[in-house]
Amino acid sequence: DNSATSIYGSAAVAQLRRYHVQWSPIKRGVIATCSLDRKVQAHSVNGLATKCGRPPKWLKPSSGVTCGFGGTVVSFGVSDKTVKINTVVEQQKLAQASHALELSAQVDTIDFCSQMIASSVIPGEKEIWSFMQIIFQANARSELLLHLGFHPEAIQKAAAEFTEKEGDVTDGVSNLSLKGSVMTSHAEKSIQSALVVGNFEAAVECCFKTGNLADALILASCGGADLWQKTQERYFASEGPKKPFLGIVNAVISDKLETLVERSKNWQETLAIISTYAKSEEFPDLCIKLGEKLDAAGDARNASLCYMCSLNLERTVKYWKKQLGMRGTGNLLALHDFCRKVSIFIRANPNVVLEPDVAALFDQYAQVLAEQGLLVTAAKYVKSSPQLKDRLYRSRESHHCLAAMGGRPPDFPFEMLNVSKAPAGIALQQRSTFQPTSLQSQPTVKNGTHHTTAQNNAMAQPLGPAKSNNELPPGWIALQDPSSGKTYYANQNSGQTTWDKPQESVAQPTSPARVTSGTTTTASTPSKLATKYGDGFVTSASHPGLAQQYGNVGTSNPYTEADRPGPAQVSQTNKAPVSGTFDPNSIPDVAVDYQPTKDALLELVQAIQGMQLSTGDKKQLTEGEKGVAIFIKRTARNEITTEVSSQVLSMVDSLRNNDFSTALAIQTALINSDWRDHKDWLKGIKNLIQLATKKLQGR
């Protein structure tokens, strides 16, 4: 009617019903409509000639509200002359917990751990925070002994009281024969003769045969290092099973603490022993070995405590992630507890690099904080999400967020595409050479109104085949449109429909579609369009001609040229796997531009191989060699870009110059930016850099 026409303009002129209307997100005042005859029309509201001579009233909302980034809600009312901007905090408890954690940065770490010990109610948390506190103590090993229940002063006092009570040892020198065996005169003469000629080994042998082990030890101490060692081993083998404490003595004297850990039956006592006797460089590896033994026995909680003593974040967080999963993935307070423990733990080793799965949890935590309006706090915890970093950088707290992220603006996370309208000559040429196949009947003009003879084609029902299916190509059937009575054809495999009878050699049409403008009511003969994918819609994605005509030249077409229905198929290339075997005698050649990186990595591996390495270091070196091998082989296959290779070279050069912080920063940047494409060698290189930092630092 006229009123509808005055309000909606040409969008109400056509007689067909519209089942979908959508505003253009780019052009102001433009809407697109879909009708049941498979037409998509564009209408310009700004160009309407209405009776009132002004835009429709429904274009001016009386009130409005919208949500923005950072928990921001923008609103205005009927009588408001200003726009209200509010921040809504949905998770009050999480916001309070995060604020308390931020205040901890102003408190000493040891005092903060004490507060957490006092407030912990979850089983196992108090023990975690107790070990966390010990890590930051100046005399950490002594504090660990006290926490495990071994108090040196109390033990000394108990030993003194035991001696006074028993009183059975009156002279420690006169009773050196441990078994109390009486030495015969013949034995004494043999020992004396051996000593006269300087044969201490024979004298020790006589003592062992007579059971005088203490005398054998005294004599062996005078017979040289080899005899002393052999006598000790023989003594421990003989008396060790009878006296368990001798196993500890043997491990300490013979430097066999690793064997002691393997045979451990009491993890707390073993941890105390290695805390007392292990060297600084071997203590972390022994703690890891003890943790692995507990892990294998199913004691993951106590294993994590041993990993904490070794300052190994990668192994420690395994149990913490298990705790997080048990409390529920959607439990935000559990996520906060996890990030709090990791944040405090890495204060003991600031150069540690978070694993990708841990970094993802930090990104999730930062996203939730940002949603509560805590933008600066979120910037401190975001690790690897380029989109979130960019949003924080461009937020209302931009300067503070930038400082929290290290002062370096994040890279723009999206690819910039210059999408512009095609030149007029190209568009005209596309129109003149375009000969599509029709999906609809020819329109007619009657009384200035646009009509079509076939309506509601999308609702056509297969009332029965109009012709024998044997006359059609395989897969095609003939159906009758219930509205017009005309016959049309459908492909049962692809879902394609057409008014024209398909031929045996006909190919799926790929010509572009033309969208009729709804800004005019004058009759015109529309082009015959055909959909390629049988979904009933004609778009610029399936018809490149429309992309040229309407300026979508820069957009990419995800579809291949294959004729098939359903979702787009993306071609995939299966690459051959790369072996991680490191063979110095069979290193593949690389291009000249990549040769410096290859030489630098091989020199670094060779330098570390010549150092004194523990068992854990050797495992780490093996992983590093595997990463170097994969990197060089992928470089030889032209799968490594020059930029990535240059960053690896810069990282190795930084290690040569003892600039360990720069090397770790480059390593972190590579993991954050290229992990998905290069994780097969990045993990090994990471182990190599960490081992090099450990061995080269301080030299």
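Residues numbered from 1 in each chain as written. Predicted model: local features only at pLDDT ≥ 70, side-chain atom pairs only at ≥ 80, totals over all residues. Heavy atoms only, no water.

Asker: Any chance you could explain the overall build of the protein chain here in plain terms?
Answerer: Counting secondary structure elements, the protein chain contains 27 helices and 11 strands. Counting over 699 residues, the protein chain shows a buried share of 38%. Nonlocal contacts in the protein chain, meaning residues at least 24 apart in sequence, comprise 55% of its contacts between residues at least 6 apart. Surface exposure of the protein chain reaches about 40300 Å², of which carbon and sulfur atoms provide 51%. (Helix = DSSP H or I, 4+ residues; strand = E, 2+ residues; numbered from the N terminus. Buried < 20%, exposed > 50% of the residue type's maximum accessible area, 1.4 Å probe, protein only. Contact = heavy atoms within 4.5 Å. Areas by Shrake-Rupley, 256 points an atom, 1.4 Å probe, with all protein chains shown as cover.)

Asker: Mind showing me how you'd approach the environment of Val-73 here?
Answerer: Among the secondary structure elements, Val-73 is positioned in strand β5 (residues 72-76). Note: C-alpha distance between Val-73 and Thr-87 (14 residues apart in sequence) is 6.1 Å.

Asker: What exactly am I supposed to notice about the nonpolar core here?
Answerer: Soluble, globular proteins show a tendency: their nonpolar side chains are buried together. Ranked by size, the top nonpolar core spans 72 residues in total, and within it Leu-271, Trp-320 and Leu-392 carry the most contacts. The dominant element in this core, judged by the number of residues it contributes, is helix α18 (residues 356-371), at nine residues. Those residues in contact with Leu-392 that sit more than four places away from it in its chain are Phe-69, Ala-370, Leu-375, Ala-378, Ala-379, Val-382, Ser-398 and Cys-401. Core analysis: the second largest hydrophobic core is formed by 35 residues, Ala-600, Leu-613, Phe-631 and Leu-670 among them. (Core = buried A, V, L, I, M, F, W, Y, C linked by side-chain atoms within 4.5 Å.)

Asker: How should helix α16 (residues 313-326) be read in this particular structure?
Answerer: Under the 1.5 Å per step criterion, the end-to-end length of α16 is 20 Å for 14 residues, consistent within 8% with the ideal 20 Å. The set of residues buried in α16 consists of Leu-313, Thr-316, Val-317, Tyr-319, Trp-320, Gln-323 and Leu-324. The secondary structure elements touched by the buried residues of α16 are α4 (125-135), α15 (300-309), α17 (332-345) and α18. Backbone nitrogen of Glu-314 and a side-chain oxygen of the N-cap are separated by 3.3 Å at the start of α16; the cap is Asn-312. (Expected span 1.5 Å × (residues − 1). Polar contact = N/O pair within 3.5 Å; in protein donor to acceptor, adjacent residues only side chain to side chain.)

Asker: What's the story with the packing of aromatic side chains in this structure? I'm lost.
Answerer: Here a ring pair, both rings aromatic, is described through the centre-centre distance and the interplanar angle of the planes. Counted under the stated rule, the structure contains six aromatic pairs. Centre to centre, the rings of Tyr-365 and Tyr-381 are 5.2 Å apart; their planes meet at 85 degrees, and the pair counts as edge-to-face. With Tyr-365 in helix α18 and Tyr-381 in helix α19 (residues 375-381), this pair connects stretches of sequence that are 16 residues apart. The exposure class assigned to Tyr-365 is buried, which follows from its relative accessible area of 1%. Tyr-381 gets classed as buried once you look at its relative accessible area, which sits at 8%. Within the aromatic cluster, the residues linked to one another by ring pairs are Phe-362, Tyr-365 and Tyr-381. The side chain of Arg-141 reaches across the aromatic face of Phe-283, ending 4.4 Å from its centre. (Phe/Tyr/Trp six-rings, centres within 6.5 Å; stacked < 30°, edge-to-face > 60°. Lys NZ or Arg CZ within 6 Å of the ring centre and 35° of its normal.)

Asker: Can you help me understand the sheet that holds β5 in this one?
Answerer: Whether parallel or antiparallel, the strands of a sheet pair through hydrogen bonds between backbone atoms. The three strands lie next to each other as β4-β5-β6, forming an open sheet whose pairing is antiparallel. Lying at the two open borders of the sheet, with one neighbouring strand each, are β4 (64-68) and β6 (84-87). Looking at each pair of strands side by side, their axes are set apart by 20 degrees on average, direction ignored. (Pairing = 2+ DSSP bridges. Axes fitted to C-alpha atoms, helices over the stretch in contact; angles between N-to-C directions.)

Asker: Explain the pairing of strand β10 (residues 487-491) to me, please; I cannot follow it from the model alone.
Answerer: The two faces of the sheet receive side chains in turn, since in a regular strand these alternate between them. The buried fraction of β10 amounts to four of the five residues, a majority that puts the element mostly inside the structure. Across five bridges, the pairing between strand β9 (residues 476-480) and β10 is antiparallel. By the bridge assignment, Trp-476 is partnered in β10 with Asn-491. Direction of pairing for β10 relative to strand β11 (residues 497-498): antiparallel, over a ladder of two bridges. By the bridge assignment, Ala-490 is partnered in β11 with Thr-497.

Asker: Looking at this structure, I do not really get the side chain of Thr-33. What am I missing?
Answerer: Within the secondary structure, Thr-33 is located in strand β2 (residues 30-35). At 3.1 Å, the side chain of Thr-33 and the side chain of His-43 are in polar contact. Aside from chain neighbours lying at most four places away, what touches Thr-33 is Arg-18, His-20, Val-21, Lys-39, Val-40, Gln-41 and His-43.

Asker: Explain the pattern of salt bridges here, please?
Answerer: Oppositely charged side chains may form a pair once their charged atoms are brought near each other. In the structure shown here, the tally under the stated rule is 16 salt bridges. As a salt-bridge pair, Arg-340 and Asp-337 come within 2.6 Å of each other at their nearest N and O atoms. Of this pair, Arg-340 and Asp-337 both sit in helix α17, separated by three residues, roughly a single helical turn. (Salt bridge = Lys/Arg side-chain N within 4 Å of Asp/Glu carboxyl O.)

Asker: Just checking my understanding: could you explain the sheet that holds β11 for this structure?
Answerer: Spatial strand order, β9-β10-β11: three strands in an open sheet with antiparallel pairing. On the outer flanks of this sheet lie β9 and β11, each paired with one strand and no other.

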